[in-house]
Amino acid sequence: VDSREGCTPQDLHVAEILRRSGRPVLVVANKAEGLDDDMATATALHRATSGWPAAVRLAVETLGETPPEGRSDALDRIRRPGGPLFAYLASEVFAHEPPEVEELVTAVAPLERFTPELCEALGIEAAREILDSLARRGLFVEVQGQGSGWYSLGAAVREFALAERPPGGDKVRS
């Protein structure tokens, strides 16, 4: 991703192809020299976006308009309820998934990690198929270890689900 210009339509197209491949993908920020190249900002950027290309784009746009001394706070605001990442998750990502995905994400949000069997014990039908699909598309879940059967929600997704879709409750409007 070009740190100064943000994602281009071509970048987003390639990101979508890579996301659907089911293979691990790294997002790299190019042309970032002079934009506050310390490790604290890089760490905060990763923590705020979990490496999602669209989230990285939101963060890069935010950082481009923020003086260096305010970047850590700006990255923290991205993930807060009502922030741009939450709005993106609600309007663009969850809205295009079947209800079963939202049900699964809501059910497992309080858990650090989970298995398909645990999801099924929580009442999520076809949990293995849902999790396999999400993992293959690089969406919402992260596989914990090779072939271990354990998953976790991406940090931003988990925070979103806990804040906006509490288990056993109604959707919260921000």
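Residues numbered from 1 in each chain as written. Predicted model: local features only at pLDDT ≥ 70, side-chain atom pairs only at ≥ 80, totals over all residues. Heavy atoms only, no water.

1. So, the packing of helix 6 (residues 99-108) against helix 8 (residues 127-137)
Phase 1 of the analysis: Between helix 6 and helix 8, whose axes approach to 11 Å, the crossing angle comes to 95°. Taken as axis vectors, helix 6 and helix 8 run roughly perpendicular relative to one another. Touching Glu100, Val101 and Leu104 of helix 6 are Ala127, Ile130, Leu131 and Leu134, all from helix 8.
Phase 2 of the analysis: Residue composition of the contact of helix 6 with helix 8, grouped by class: six nonpolar, no polar and one charged. (Axes fitted to C-alpha atoms, helices over the stretch in contact; angles between N-to-C directions. Helix = DSSP H or I, 4+ residues; strand = E, 2+ residues; numbered from the N terminus. Parallel < 35°, antiparallel > 145°, perpendicular 65-115°, else oblique. Contact = heavy atoms within 4.5 Å. Nonpolar A, V, L, I, M, F, W, Y, C, P; charged D, E, K, R; others polar.)

2. Things to note about the nonpolar core
Phase 1 of the analysis: Among the nonpolar cores identified, the biggest contains 23 residues, and Leu104, Val105, Phe114, Cys119, Phe140, Val141 and Leu153 are the most heavily contacted of them.
Phase 2 of the analysis: At the level of elements, helix 6, helix 8, strand 2 (150-153) and helix 9 (155-164) are the ones that each hand at least two residues to this core.
Phase 3 of the analysis: At five residues, helix 8 tops the list of elements feeding residues into this core.
Phase 4 of the analysis: Contacts of Leu104, omitting those with residues within four sequence positions, involve Cys119, Ile124, Ala127, Ile130 and Leu131.
Phase 5 of the analysis: Counting seven residues, the second largest nonpolar core, distinct from the first, contains Leu45, Ala59, Leu63 and Leu75. (Core = buried A, V, L, I, M, F, W, Y, C linked by side-chain atoms within 4.5 Å. Buried < 20%, exposed > 50% of the residue type's maximum accessible area, 1.4 Å probe, protein only.)

3. Side note on the packing of aromatic side chains
Phase 1 of the analysis: In this structure the tally under the stated criterion is one aromatic pair.
Phase 2 of the analysis: Relative to Tyr151, the ring of Phe114 lies with its centre 6.4 Å away and its plane at 15°, an arrangement referred to as stacked. Taken as a pair, Phe114 in the loop between helix 6 and helix 7 (116-121) and Tyr151 in strand 2 lie far apart in primary sequence, 37 residues in all. Just as Phe114 is buried, Tyr151 falls in that class too.
Phase 3 of the analysis: Across the ring face of Trp150, the terminal group of Arg113 is positioned such that the distance to the ring centre comes to 4.0 Å. (Phe/Tyr/Trp six-rings, centres within 6.5 Å; stacked < 30°, edge-to-face > 60°. Lys NZ or Arg CZ within 6 Å of the ring centre and 35° of its normal.)

Nothing here speaks to function; it is geometry throughout.
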